[in-house]
Amino acid sequence: MHELSIVMGIIDIARKEIEKANLRKAETIEMDIGTLSGIEFEALDFAWNMAVTGTVLENAERKINIIQAKAKCVSCGHIFNTKSVFDQCPKCNDFFTEIIAGKELKVKAITAI
Amino acid sequence: MCTTCGCGQTDSILISKPPKVQTENLIIDNHHTHNHDHNHEHHHHDQQHGHAHDHHHHEKTVLEIEQDILNTNNLLAERNRGYFEAKNIFALNLVSSPGSGKTSLLERTLKDLSGEINFSVIEGDQQTFNDANRIQAIQIPVVQINTGQACHLDSDMVNKAVKELNPQENSILFIENVGNLVCPALFDLGENKRVVIISTTEGDDKPIKYPDMFLHSNICIINKIDLLPYVQFDVEKAKEYALRVNHHLEFFELSVTSGEGMDKWYEWLKKQIKK
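About the cut-offs
- Residues numbered from 1 in each chain as written.
- Chains lettered and ligands numbered in written order.
- Predicted model: local features only at pLDDT ≥ 70, side-chain atom pairs only at ≥ 80, totals over all residues.
- Heavy atoms only, no water.
- Phe/Tyr/Trp six-rings, centres within 6.5 Å; stacked < 30°, edge-to-face > 60°.
- Helix = DSSP H or I, 4+ residues; strand = E, 2+ residues; numbered from the N terminus.
- Buried < 20%, exposed > 50% of the residue type's maximum accessible area, 1.4 Å probe, protein only.
- Arc of directions from axis to C-beta.
- Contact = heavy atoms within 4.5 Å.
- Pairing = 2+ DSSP bridges.
- Axes fitted to C-alpha atoms, helices over the stretch in contact; angles between N-to-C directions.
- pLDDT = per-residue confidence, 0-100.
- Salt bridge = Lys/Arg side-chain N within 4 Å of Asp/Glu carboxyl O.
- Core = buried A, V, L, I, M, F, W, Y, C linked by side-chain atoms within 4.5 Å.
- Polar contact = N/O pair within 3.5 Å; in protein donor to acceptor, adjacent residues only side chain to side chain.
- Disulfide = S-S within 2.5 Å.
- Parallel < 35°, antiparallel > 145°, perpendicular 65-115°, else oblique.
- Left-handed = near helix turned anticlockwise from the far one by under 90°.
- Nonpolar A, V, L, I, M, F, W, Y, C, P; charged D, E, K, R; others polar.

Visitor: Tell me about the packing of aromatic side chains, and please be specific about residues and values.
Guide: Residues and elements named next belong to chain B. Within this structure, the stated rule accounts for 6 aromatic pairs over all chains. A centroid spacing of 5.9 Å and a plane angle of 65° characterise the contact between F252 and W268, whose relative ring orientation is edge-to-face. In this pair, F252 is assigned in strand β10 (residues 250-253) and W268 in helix α9 (residues 262-274), connecting sequence segments 16 residues apart. Note on accessibility: F252 and W268 belong to one class, buried. Aromatic side chains W265 and W268 sit 5.8 Å apart centroid to centroid with 10° between the ring planes, which places their arrangement in the stacked category.

Next up, the structure:
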C-alpha cells in the first residue's frame, strides 16, 4: 500500500505549486500514470479519498491519463504494447525487451483558484 | 491516520542506535504532513506579505507542472548518492520478502569480511531493535530505522540514518530494507546497487509474481541452496524468470548456513570497494 505515499507526494507538489502561485485550492489536477508504474488504481482511489481531506486537493477533480506500456524488443527492434515487464516479443518470441513507456508517474497540470 | 499505509496509527518513524549505545532518537514527521491545516497556513502566508485583503483570485489559473511524483524522494536519493560517492562508500540496498535471510546474510558477511573491509549497517523494520542488536553483537556500527506502520524505507529516512551513523570513508554500507517484495521497489534510497534476495523455500516463480522488485534490482541472490534436495525449487527456472523481467541481473547462488557460494559474493564485494 505504497499508494498512500504516492498520494502524499502529489498533495505536496500541489500545495507547493498553489502556494507559489498565491492561489487557494485546486479545481482540477491532471496526472500521467503508466500501466507499469507500480500503482494499483483501486489502492490509489482508496488512499486519495482519505488523504486529500483538508488539503488544497479536497474536492479537486482528478484527470488521470493512463499511459499504455510499450516495450521494444532488443533482438528484432519491434515495438509492442505490453501488459507486464516480461512479455515476450510477439514477432520473434524473445524476452529480451526494454520498457519504453508505461513507467510514468507525473503531475502534469493543476487548475487552481 | 498513518499516511504511508493508511492505518489508523499515527506512530512517527524512529531512527536510533540500538538501546545499549542509544544517543538521541530522531523523529521524522514528514509522513504526516496531511495533518497540517493548509488553509490556515495559507492565511498566515497572506498576512506575512500584507495581502489580507481581497485577492481577486476568482479566475481559474492553469499551472503547468510536469513533475515526477517521486521527485522529492529521487532528489534526496541523489544527495545520498553524492555523499556516498564523495566518501567512497559503496551502498547496497537489500530487499526481499520477510524470512529470505537478509539479516543472516549480513551477519555472516560482516563476520567473515570485517577484518578486510570496513562496514556499517542501516536496518529497516517496522518494529524492534532485534536486527540492529544482531549486527551490534558483531561490533559493526549500526542504526535501526523503525518505520512504525510504513512498508518501505525512503531516501529521507536513509538520509537521517546516515547522519546518525556517520559511516567511515572507503567502506561498504548495507541498507537492509523492510521485508516486503512490493513497496520498496519504487523508492530509490541513493544506493549504488540494489540486491534482491530470494530463498529456495519460496516459489521459483517469485520473479514473475513480483516483477517490479526484480526489474529495479541489479543483483539477485538465491539463498538457502543447501536446502535444494528437500524443496521443490528449480534454480534454473527461477533465474530464467528473473532474466525475463530484467536481463541485466547478476546472480549469486549461495547458502549462508553452509557457506557454499559465499566466496563469489565476497569476491564481488571486495571488487566494488576497490573501484
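Visitor: Residues and numbers for helix α2 (residues 41-51) of chain A, please.
Guide: Residues and elements named next belong to chain A. When we look at burial in α2, the residues that qualify are A43, L44, A47, W48 and A51. In a view along the axis of α2, the buried residues occupy a sector of 135°, so they form one face of it. Away from its buried face, by an angle of more than 90 degrees, α2 presents the exposed residues E42 and N49. Where the residues of α2 are buried, they touch α1 (3-20), β1 (26-34) and β2 (61-67).

Visitor: Go over the sheet that holds strand β3 (residues 70-73) of chain A with me, naming the residues and quoting the values.
Guide: All names here are of chain A. Spatial ordering of the open sheet is given by β4-β3-β5, a layout of 3 strands whose pairing is antiparallel. Whereas interior strands pair on both sides, the edge strands pair on one side only; in this sheet they are β4 (79-81) and β5 (97-101). Neighbour-to-neighbour, the strand axes of the sheet open up by a mean angle of 35°, direction not taken into account.

Visitor: Could you give an account of the sheet that holds β2 of chain A, naming the residues involved and the relevant values?
Guide: If you trace the 4 strands from one edge of the open sheet to the other, you get β2(A)-β1(A)-β6(A)-β3(B), paired in mixed fashion. Of all the strands in the sheet, just β2 of chain A together with β3 (61-68) of chain B have a single pairing partner and so form its edges. Along the sheet, successive strands turn relative to each other by an average axial angle of 15°, direction set aside. Across 7 bridges, the pairing between β1 of chain A and β2 of chain A is parallel. The partner of G34 of chain A across the bridge, within β2 of chain A, is I67 of chain A. The sheet contacts of α2 of chain A involve β1 and β2 of chain A, and relative to β2 of chain A the element is tilted by about 160°.

Visitor: Could you give an account of unusual backbone geometry, with specific residues and numbers?
Guide: Although it is not a glycine, N59 of chain A sits at a positive phi angle of roughly 70°. Mapped onto the elements, N59 of chain A comes out in the loop between α2 and β2. Despite not being glycine, E66 of chain B shows a phi value in the positive range, around 50°. With respect to the element layout, E66 of chain B can be found in strand β3. For E66 of chain B, a relative accessible area of 39% corresponds to the partly exposed category.

Visitor: How would you sum up the confidence of the model for chain A? Please name residues and give values.
Guide: Model confidence for chain A is summarised by a mean pLDDT of 94, while 99% of its residues fall at 70 or above. When mean pLDDT is taken per element in chain A, β4 of chain A scores highest with 97 and α2 of chain A scores lowest with 92.

Visitor: Please give an account of the pattern of salt bridges that cites residues and values.
Guide: Residues and elements named next belong to chain A. Going through the model one piece at a time under the given rule, you end up with 21 salt bridges over all chains. A salt bridge links R15 to D12; the nearest nitrogen and oxygen atoms lie 2.7 Å apart. With R15 and D12 both in helix α1, this residue pair falls 3 residues apart, about one helical turn. D12 shares its class with R15; the two are buried.

Visitor: A description of the nonpolar core should follow, citing residues and the corresponding values.
Guide: Membership of the largest hydrophobic core comes to 33 residues, with the highest contact counts inside it found for I6, I10, L57, V107 and I110 of chain A. Secondary structure elements with two or more residues in this core: α1, β1, α2 and β6 (105-112) of chain A together with β3 of chain B. Per element, the largest residue contribution to this core is 9 residues, and it comes from α1 of chain A. Those residues in contact with I6 of chain A that lie beyond four places of it in its chain are I39, L44 and L105 of chain A together with I69, L70 and L186 of chain B.

Visitor: Before we move on, can you summarise the side chain of R194 of chain B with the specific residues and values?
Guide: Residue and element names in this part refer to chain B. Structurally, R194 can be placed in strand β8 (residues 193-199). Take R194: its relative accessible area is 5%, and that puts it in the buried class. There is a polar contact of 2.9 Å between the side chain of R194 and the backbone oxygen of A185. Reaching out from R194, the side chain makes a polar contact with the backbone oxygen of F187 at a distance of 3.4 Å. If sequence neighbours within four positions are ignored, R194 has contacts with N93, V95, P184, A185, F187, D188, H216, S217, N218 and I219.

Visitor: Go over the state of the cysteines, please, and point to the residues and values.
Guide: Here the structure, examined in full by the defined rule, presents 0 disulfides over all chains. Counting only cysteine sulfurs, C73 of chain A is the nearest neighbor of C92 of chain A, a cysteine outside any disulfide, at a range of 3.6 Å. On the basis of relative accessibility, which here comes to 34%, the residue C92 of chain A falls in the partly exposed class. We note that C220 of chain B lacks a disulfide partner, and the nearest cysteine sulfur, in C183 of chain B, lies 19 Å from it. You can call C220 of chain B buried: its relative accessible area is 1%.

Visitor: Outline the packing of helix α2 (residues 71-86) of chain B against helix α5 (residues 155-165) of chain B, supporting the account with residue identities and numerical values.
Guide: Two packed helices can be described by the angle between their axes and the distance between those axes. Residues and elements named next belong to chain B. As a packed pair, α2 and α5 sit with axes 8 Å apart at the nearest point and diverge in direction by 30°. Classified by the angle between their axes, α2 and α5 sit roughly parallel to one another. The two elements α2 and α5 meet at a crossing, and its hand is left-handed. The residues of α5 that touch α2, namely those facing N73, L76, A77, R79, N80, Y83 and F84, are S155, D156, V158, N159 and V162. Its residues assigned to classes, the contact of α2 with α5 shows 6 nonpolar, 4 polar and 2 charged.

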